[in-house]
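Spelled out, the chains give:
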Amino acid sequence: MAVGAKDNLDRALVKKYQSLKVDNAIVQNSMIDPNKMMATMNDYANAHMQAFRIQQTLRDMCTKAISMNIQYTKMKSVKSKKERMAEAARKVVAAQMAQNQKNIIAQKLAKEPRPSIA
């Protein structure tokens, strides 16, 4: 790793601040033992991993319980286009016959004399 200015801007900054004295902060010993801090971080990570594993297990158990309770119903068999067309034609013919019967009955009623209220 090279030490020193790499371009004109860096050189200008070095010239500007080289005469200034800067007090470096004295690095004191940490109040917390690094080994204790690492152990605490490890415990924290282990707790999160355990929570994640419990969540995965619960999700799997719920999925299994839901899938065991699913009741499948048998679907109707799919009809071919030809069968659907034949069924539609039968319905049209039945509707036409019903309309014809209705017209015939209406004609018979029209021919019969109605009783008069006297």
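Look up a bit, the structure's there.
Residues numbered from 1 in each chain as written. Predicted model: local features only at pLDDT ≥ 70, side-chain atom pairs only at ≥ 80, totals over all residues. Heavy atoms only, no water.

To continue, consider the pattern of salt bridges. In total, this model carries 2 salt bridges according to the counting rule given. Between Glu87 and Lys79 there is a salt bridge, with its nearest N and O atoms 2.7 Å apart. Judged by its relative accessible area of 25%, Glu87 falls in the partly exposed class. For Lys79, a relative accessible area of 42% corresponds to the partly exposed category. As a salt-bridge pair, Lys91 and Glu87 come within 3.8 Å of each other at their nearest N and O atoms. Remark: Glu87 and Lys91 occur in helix α3 (residues 81-111); sequence separation between them is 4 residues, near one turn of the helix. Via salt bridges that share partners, Lys79, Glu87 and Lys91 belong to a single interconnected network. (Salt bridge = Lys/Arg side-chain N within 4 Å of Asp/Glu carboxyl O. Buried < 20%, exposed > 50% of the residue type's maximum accessible area, 1.4 Å probe, protein only. Helix = DSSP H or I, 4+ residues; strand = E, 2+ residues; numbered from the N terminus.)

Before going further, it helps to spend a moment on a nonpolar patch on the surface. On the surface, Met31, Ile32, Met37, Met38 and Met41 cluster together into a nonpolar patch covering about 600 Å² of accessible area. Along the chain, Met38 falls in helix α2 (residues 34-69). Residue classification places Met38 among the exposed positions, given a relative accessible area of 56%. (Patch = residues over 30% accessible without salt bridge, like charges linked within 9 Å, V, L, I, M, F, W, Y side chains within 5 Å. Areas by Shrake-Rupley, 256 points an atom, 1.4 Å probe, with all protein chains shown as cover.)

Scope: geometric values only; no functional claims are made or implied.
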